[in-house]
Amino acid sequence: MKKRWDTLRQSVIRATGPMTPLGRALLALGLAAWAIGARFGWRELSVIAGACLLALLVAVLFTFGRTELQVDVRLNPPRLIAGEKAVADVAVINAASRRMLPVRLEIPVGQSIAPINVPFLGAGDTFEETVLIPTLRRCVLAVGPVRSVRGDPLGLMRREVQWSEAHELFVHPVTARLTGIAAGWLRDLEGRPTNDRSPSDVSFHTLREYVPGDDRRHVHWRTSARIGKLMVRQFIDNRRSHLGVVVDTNPASYADAEEFELAVSMAASLGLRVIAEGQELSCVAGNRGINAHTGQALLDGLAGVELGVPAITIQET
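Since the structure is predicted, the reported quantities are computational estimates derived from the model, not experimental observations. (Residues numbered from 1 in each chain as written. Predicted model: local features only at pLDDT ≥ 70, side-chain atom pairs only at ≥ 80, totals over all residues. Heavy atoms only, no water.)

Visitor: Lay out the confidence of the model for the protein chain in plain terms, naming residues and giving numbers.
Guide: The predicted coordinates should not be examined in detail at positions where pLDDT is low. This prediction gives the protein chain a mean pLDDT of 81; 81% of its residues lie at or above 70. Here strand β11 (residues 186-198) is the element of the protein chain with the lowest mean pLDDT, 49, and strand β10 (residues 167-172) is the one with the highest, 94. (pLDDT = per-residue confidence, 0-100. Helix = DSSP H or I, 4+ residues; strand = E, 2+ residues; numbered from the N terminus.)

Right, dumping it as structure tokens:
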């Protein structure tokens, strides 16, 4: 018995799949009017049931038809700074061997939807449309997928077919060009070699003649005995600098959203300068780590940072 009910439920879902909430409400109204009219003999309700059924049948006719399309979406540019202009170039090709009737396409852009009305297209013809994308605020904006929509004027039926993949538009934070960062240096054998000579370090460079004041622990006695004068080891500094940037995403830490955007911009500016100087960088925003191997990866990660109470908190001491 349960299997029969599951089969019936799946059949109902498939049958009412293209229906909109308004269409399902009209279907329920028609069935209720038909049942009550047949039970009590009310012709008025039977007329209402017939009108609902007729409207649904006409709506079904609008969903008929087959379209073969090739849709290509290109973001220009795929990455930009908040406030710059971005567009999505959409190319629609009729892949069928016959003339195509006009069709309505929709391309989701974030929370909004941009309509594209494609006219008559012959076999193999191409229609191109440019969709403007607002980029006033830093974000990662989902663009697409493009879908074709068939439906009736009353909105009772709606059939969608997806024709492309979704793309991500990275709107980077505004940054400032910094001249330099006074970060602390650590001597490290695996660090970057410098041109600074040092009397005591971990990376041996060469031998030089002893001068008064040199540490005698660095005298190379074997070479000194061979050439007849004191020689000491000369080292070079190997330095490593690791900067950590933490962005607090707790809403209570900021007066408003603009102050939070300023914090993200400051983090991005610091990170770009550190990466440009070849130093190591670790970046954390809230409870998520940001990829900081390259400047583009850092900006892509910071583009999606939003306010929210993190799993870890920053406490003042």
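Visitor: If you had to explain unusual backbone geometry to someone new, which residues and values would you point to?
Guide: With an omega dihedral of -5 degrees, the bond running from N76 to P77 counts as a cis peptide bond. Tracing the chain through its elements places P77 in the loop between β1 (69-76) and β2 (79-81). At the junction of G144 and P145, the peptide bond is cis and its omega measures out at 0 degrees in the coordinates. Looking at where P145 falls in the secondary structure, it is placed in the loop between β7 (139-143) and β8 (147-151).

Visitor: Give a detailed account of the sheet that holds strand β14 (residues 242-247), specifying residues and quantitative values.
Guide: With mixed pairing, three strands are arranged side by side in an open sheet as β14-β15-β16. Each edge of the open sheet is held by one strand with a lone partner, namely β14 and β16 (288-290). Averaged over neighbouring strand pairs, the angle between their axes works out to 25 degrees when direction is ignored. Inspection of the sheet shows β14 paired to strand β15 (residues 280-285) by six bridges, in the parallel sense. Paired with V247 across the strands is A285, a residue of β15. Relative to β14, helix α5 (residues 257-276) is tilted by about 165 degrees, and along the sheet it contacts β14 and β15. Where helix α6 (residues 295-303) meets the sheet, it contacts β15 and β16, and its direction lies at approximately 150 degrees from that of β16. (Pairing = 2+ DSSP bridges. Axes fitted to C-alpha atoms, helices over the stretch in contact; angles between N-to-C directions. Contact = heavy atoms within 4.5 Å.)

Visitor: Help me get a handle on the environment of P78, residues and values and all.
Guide: Along the chain, the position of P78 falls in the loop between β1 and β2. What makes P78 partly exposed here is its relative accessible area of 40%. Taking the C-alpha atoms as reference, P78 lies 5.3 Å from L169; in sequence the two are 91 residues apart. Every residue in contact with P78, bar those within four places of it in the chain, is listed here: E168, L169 and F170. (Buried < 20%, exposed > 50% of the residue type's maximum accessible area, 1.4 Å probe, protein only.)

Visitor: Explain the packing of aromatic side chains to me, and be specific about the residues and the numbers.
Guide: A full pass over the atoms with the stated rule returns two aromatic pairs. Ring centres 5.3 Å apart and planes at 75 degrees place the aromatic pair Y254 and F260 in the edge-to-face group. Lying across the ring of F40, R39 places its NZ or CZ 5.3 Å from the centre. (Phe/Tyr/Trp six-rings, centres within 6.5 Å; stacked < 30°, edge-to-face > 60°. Lys NZ or Arg CZ within 6 Å of the ring centre and 35° of its normal.)

Visitor: Before we move on, could you go through the nonpolar core and cite the residues and values that matter?
Guide: Counting 28 residues, the largest nonpolar core has V90, L105, I107, I116, V118, I133 and L169 as the members making the most contacts within it. If you list the elements that add at least two residues to this core, you get β1, β3 (86-94), β4 (103-109), β5 (112-118), β6 (126-133), β7 and β10. When residues no more than four places from it in sequence are discounted, the contact partners of L169 are L75, P77, P78, R79, L80, A86, I133, T135, C139, V140, L141 and V143. (Core = buried A, V, L, I, M, F, W, Y, C linked by side-chain atoms within 4.5 Å.)

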